[in-house]
Amino acid sequence: MAAPVESAAAGRGPAESDAERLRVTEVFCSIQGEADAVGWPTVFVRLTGCPLRCTWCDTTYSFHGGEWRSLDALLGEVASHGVRRVCVTGGEPLAQKRSLALLRRLCDAGHEVSLETSGALDVAAVDARVRKVVDLKAPGSGEVGRNLWDNLAHLRPHDQLKFVLADRDDYDWAAARLREHDLAARCQVLFSPVAGRLQARDLAEWILADRLPVRLQLQLHKLLWGDTPGK
C-alpha cells in the first residue's frame, strides 16, 4: 500500500490558504514602551521569525514556533481589545510577506498602526498610513552589515529611525550616520541604550554634549514589568 502523500495544507484550519495566514507568536495589549507612541495603550501583534541575530535581542523566543493564524482571526482578536493603536512587531514582521496585507487591513479597519522593523528588509511596499519604526543596526549588534540604506528614501515625517546602542563606539557610529545622511531632516531619530550594557545617563550626557537632534528613548515597558513576555 502506497504511503499517503502529506497535504500542503496539513496543520491548517479549514479553508485557510497560504494567502490568508501568518505565523504569530503572541497578541497582547500593553503600554507602548517605545517610539513616539510611548505610554499609549496598544495592541501588539508579534509575528514569528527573524533573519537577524542581534547580540542584544530581547525577543529570541519569537524566532521559532508560533501558531498559524488567519488574517480574519487576527483582525478580530485585535478588535476585541477595544484599543485603537496597534503595533506589528517581531521578530522581524517583514520576513513574512503577508504582513503587508495585515498592515493594510489594520489601517482599513481604522486602527493607528505602527511597524517595528529591523531595517534589513525592504519597506517600500509598506502601506503609507503605517508609522514605520526602523531599527538601524549599530556595530555592537553584530548585524551592521545587514542595514538596507535604500530604505531611507521611503521614510516619511511620521516614521522613526531607532539606534540601539551598546557602547561609546556604537554611539559614535550612529552620530556619524546621523550627520552623513541628514537623518533628523527625514524623520524623528531615537537613540536607545542596550539594557545592562550602556547606562542611560551616559548616553544622555553624550547626546547633550554633542547637541544631537535626537530623542533619548528608554524602554518604558521594561521599567514597568522587566523582561516579562507579553508586556
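What you are looking at is a predicted structure, and each value in this text was computed from that prediction instead of being measured. (Residues numbered from 1 in each chain as written. Predicted model: local features only at pLDDT ≥ 70, side-chain atom pairs only at ≥ 80, totals over all residues. Heavy atoms only, no water.)

### Notes on the sheet that holds strand S4 (residues 85-89)
- Read from one edge of the open sheet, 9 strands run S3-S1-S2-S4-S5-S6-S7-S8-S9, paired in mixed fashion. Edge positions in the sheet fall to strand S3 (67-70) and strand S9 (215-216), since each of these pairs with one other strand and no more.
- As paired elements, strand S8 (residues 188-193) and S9 share 2 bridges and run parallel to each other. By the bridge assignment, leucine 190 is partnered in S9 with arginine 215.
- Where helix H3 (residues 168-180) meets the sheet, it contacts strand S7 (160-165) and S8, and its direction lies at approximately 155 degrees from that of S7. (Pairing = 2+ DSSP bridges. Helix = DSSP H or I, 4+ residues; strand = E, 2+ residues; numbered from the N terminus. Contact = heavy atoms within 4.5 Å. Axes fitted to C-alpha atoms, helices over the stretch in contact; angles between N-to-C directions.)

### A few points about helix H1 (residues 71-80)
- All of the buried residues along H1 are Leu71, Leu74, Leu75 and Val78. Angularly, the buried residues of H1 cover 100 degrees about the axis, an arc narrow enough to put them on a single face. Of the exposed residues in H1, those oriented more than 90 degrees away from the buried face are Asp72 and Ser80.
- Buried residues along H1 sit in contact with strand S1 (21-31), strand S2 (41-47), S3, S4 and helix H2 (99-108). (Buried < 20%, exposed > 50% of the residue type's maximum accessible area, 1.4 Å probe, protein only. Arc of directions from axis to C-beta.)

### Considerations on the nonpolar core
- Formed by 24 residues in total, the largest nonpolar core has its most connected members in Val45, Leu102 and Leu106.
- Going through the elements one at a time, S1, S2, H1, S4, H2 and strand S5 (112-117) are the ones with two or more residues in this core.
- Broken down by element, this core gets its largest block of residues, 5 residues, from H2.
- Among residues more than four places away in sequence, those in contact with valine 45 are Glu26, Val27, Leu74, Val78, Val86, Cys87, Val88, Thr89 and Leu102.
- By size, the runner-up hydrophobic cluster in this structure holds 23 residues, among which are Ala138, Phe191, Leu203 and Val214. (Core = buried A, V, L, I, M, F, W, Y, C linked by side-chain atoms within 4.5 Å.)

### Focus on unusual backbone geometry
- Across the junction of glycine 90 and glycine 91, the peptide omega takes the value 10 degrees, indicating a cis bond.
- Locating glycine 91 in the fold gives a position in the loop between S4 and H2.
- Although it is not a glycine, alanine 35 adopts a positive phi angle of roughly 65 degrees.
- Summarising the element assignment, alanine 35 is placed in the loop between S1 and S2.
- Alanine 35 gets classed as buried once you look at its relative accessible area, which sits at 10%.
- For aspartate 182, which is not a glycine, the phi torsion comes out positive at approximately 50 degrees.
- Within the fold, aspartate 182 resides in the loop between H3 and S8.

### Quick notes on the pairing of S5
- Extensive coverage of S5 is indicated by the burial of 5 of its 6 residues.
- Strand direction decides the pairing type here: S4 and S5, joined by 4 bridges, are parallel. When the bridges of S5 are listed, arginine 85 appears paired with glutamate 112.
- Handedness of the crossover is the feature at issue here: the chain leaves S4, passes through H2, returns alongside S5, and the resulting connection is right-handed.
- Bridge count between S5 and strand S6 (residues 131-136): 4 bridges; the pairing is parallel. Note on S6: the bridge partner recorded for glutamate 116 is valine 133. (Right-handed = clockwise from strand over helix to strand, strands pointing away.)

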